[in-house]
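Remarks on the overall topology
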Amino acid sequence: MRLLARERGAGLAFTDEIIDLKLSHTTRRVVDIGGGLSRVDYVFDKEGNDEAPPVLFSTCVADRPIVLQLGTSSAQTALAAALKVQDDVDAVDINLGCCKHFSVQGGMGSELLRKPSVVQEIVRTLVANLHKPVTCKMRLLDTITTTVEFVQMLIDAGAAAVTIHARRVEDKPNSDPRLGELAQVRKLIKTDFPIVGNGGVWSRDDISRVQATGVNSVMIARGVLRNASLLGKQDFSFNDNCKRFLELCVQWRAADTLKNAKYTLLQMCRYQPGKQGASTTQTVVKCKSLQDLCEEYDAAQPPQKRQKTAQ
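Residues numbered from 1 in each chain as written. Predicted model: local features only at pLDDT ≥ 70, side-chain atom pairs only at ≥ 80, totals over all residues. Heavy atoms only, no water.

Digging into the overall build of the protein chain
- When helices and strands are tallied, the protein chain shows 13 helices and 11 strands.
- C-alpha extents for the protein chain along the principal axes are approximately 55 × 45 × 35 Å.
- For the protein chain, the proportion of its 311 residues judged to be buried stands at 49%.
- If you take every contact in the protein chain between residues at least 6 apart in sequence, the share linking residues at least 24 apart comes to 65%.
- Split by element, the accessible area of the protein chain, about 15,300 Å² in all, is 50% carbon and sulfur. (Helix = DSSP H or I, 4+ residues; strand = E, 2+ residues; numbered from the N terminus. Buried < 20%, exposed > 50% of the residue type's maximum accessible area, 1.4 Å probe, protein only. Contact = heavy atoms within 4.5 Å. Areas by Shrake-Rupley, 256 points an atom, 1.4 Å probe, with all protein chains shown as cover.)

What follows is the structure, encoded as structure tokens:
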């Protein structure tokens with residue numbers, strides 16, 4: 001999906017949140033996919049697991065620049081994970097905004113907004129020990145003042161940029177983003193420090209509204225799943241995006257291709273308006289192979305080639 005987003009106009013891509021403890025227990029593998037191309041997989045090897053080990057993070061030369069987003073609650077575990085992968089990424093981002101139960105229960109994500117001293121230690125530790133920039137993604141806090149103070153703490157700790165999701169922890173995912181508050185925060189942070197705006201972006205007009213707050217850039221998540229075309233100036237249909245996504249999966253022999261391709265396509269279907277989402281969901285679910293998916297969306301399948309793996 002990151003590769004599709006880049007083709008449609010994204011200048012930078014983040015991974016999904018990857019938990020540091022899991023990433024620390026991966027093995028780096030270089031997969032030769034033929035034609036002079038290779039892919040880097042970080043494979044989670046769990047002792048006693050007879051099944052094929054899952055790939056926790058996968059990237060390639062076309063997937064740059066890439067920011068690794070870590071879920072963490074500890075400077076030590078964050079550093080261990082970041083050191084393992086820093087040569088395959090361009091920056092490391094600390095997730096301070098996820099409100100999902102798993103993250104919060106583990107002391108990660110938005111739970112860290114309640115523990116500024118822990119966050120400060122994480123950022124300082126990474127900045128001191130990595131040769132890549134360290135960034136953070138957070139949410140608005142209860143007041144403009146507390147939000148600005150938290151951002152300033154991140155700046156003082158050495159963060160290279162901060163993404164602010166323009167919603168508070170208690171806000172519903174589909175509630176209107178608090179762009180007025182985001183604008184006030186941006187005005188109170190020194191102008192040469194990069195602030196990225198995020199939240200409620202489903203169209204090019206929404207991008208313009210976030211840009212109007214004065215942020216330096218805009219991060220888009222669910223909106224890209226609905227329509228990656230909003231990243232650029234050219235419009236593509238939903239089927240065009242699905243077709244190209246599948247072609248990229250095949251081209252790069254994406255790890256766990258069928259499983260991950262179906263999951264991503266179902267997420268793309270989920271955010272389609274009206275009845276289109278339901279009908280396309282049924283189409284994806286019935287497909288039993290990557291070939292089925294490619295045939296459904298008229299996506300070209302090059303001849304299969306043996307993949308060679310090097311440690």
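From this point, things continue past the structure.
Description of the packing of helix α11 (residues 257-270) against helix α12 (residues 276-286)
- Viewed as axis vectors pointing N to C, α11 and α12 meet at an angle of 170 degrees, and their least axial separation amounts to 8 Å. Classed by the angle they form, the pair α11 and α12 counts as roughly antiparallel. Where α11 abuts α12, its residues Lys 262, Leu 265, Leu 266 and Cys 269 lie against Gly 277, Thr 280, Thr 281, Val 284 and Val 285.
- Along the lines of polarity and charge, the residues of the contact of α11 with α12 split into 5 nonpolar, 3 polar and 1 charged. (Axes fitted to C-alpha atoms, helices over the stretch in contact; angles between N-to-C directions. Parallel < 35°, antiparallel > 145°, perpendicular 65-115°, else oblique. Nonpolar A, V, L, I, M, F, W, Y, C, P; charged D, E, K, R; others polar.)

Examining the packing of helix α5 (residues 116-129) against helix α6 (residues 144-157)
- It is at 9 Å that the axes of α5 and α6 come closest, and there the two elements cross at 25 degrees. Between α5 and α6, the angle is such that the two are roughly parallel. By crossing handedness, the relation of α5 to α6 is classed as right-handed. Contacts from Pro 116, Val 119, Gln 120, Val 123, Arg 124 and Val 127 in α5 reach Phe 150, Met 153, Leu 154 and Ala 157 in α6.
- By residue class, the composition of the contact of α5 with α6 is 8 nonpolar, 1 polar and 1 charged. (Left-handed = near helix turned anticlockwise from the far one by under 90°.)

Considering the sheet that holds strand β1 (residues 13-19)
- The 7 strands are arranged β1-β5-β6-β7-β8-β9-β10 in an open sheet whose pairing can be described as parallel. Of all the strands in the sheet, just β1 and β10 (217-219) have a single pairing partner and so form its edges. Across this sheet, the average inter-strand angle for adjacent strands is 25 degrees, counted without regard to direction.
- In this sheet, strand β9 (residues 195-198) lies alongside strand β8 (residues 161-165) in parallel orientation, the contact comprising 4 bridges. Across the sheet, Val 162 pairs through a bridge with Ile 195, a residue of β9. (Pairing = 2+ DSSP bridges.)

With respect to the packing of aromatic side chains
- By the definition in use, this model includes 2 aromatic pairs.
- Here the aromatic rings of Trp 202 and Tyr 271 are separated by 5.7 Å at their centres, their planes lie at 50 degrees, and the arrangement is tilted. Separated by 69 residues along the polypeptide, Trp 202 in the loop between β9 and α8 (204-211) and Tyr 271 in the loop between α11 and α12 bring together distant segments of the chain.
- What makes Tyr 271 buried here is its relative accessible area of 13%.
- Stacked on the ring of Phe 236, the Lys or Arg Arg 8 has its end atom at 3.6 Å from the ring centre. (Phe/Tyr/Trp six-rings, centres within 6.5 Å; stacked < 30°, edge-to-face > 60°. Lys NZ or Arg CZ within 6 Å of the ring centre and 35° of its normal.)

Some thoughts on the pairing of strand β5 (residues 66-71)
- When you tally the buried positions in β5, you get 6 out of 6 residues, the bulk of the element.
- The alternating pattern of β5 places Ile 66, Leu 68 and Leu 70 on one face and Val 67, Gln 69 and Gly 71 on the opposite face, and all of these are buried.
- Across 4 bridges, the pairing between β5 and strand β6 (residues 91-95) is parallel. By the bridge assignment for β6, Leu 68 is matched with Val 92.
- Note on the crossover from β5 through helix α3 (residues 75-85) to β6: the handedness is right-handed. (Right-handed = clockwise from strand over helix to strand, strands pointing away.)

Keep in mind that these numbers describe shape and distance, not what the molecule does.
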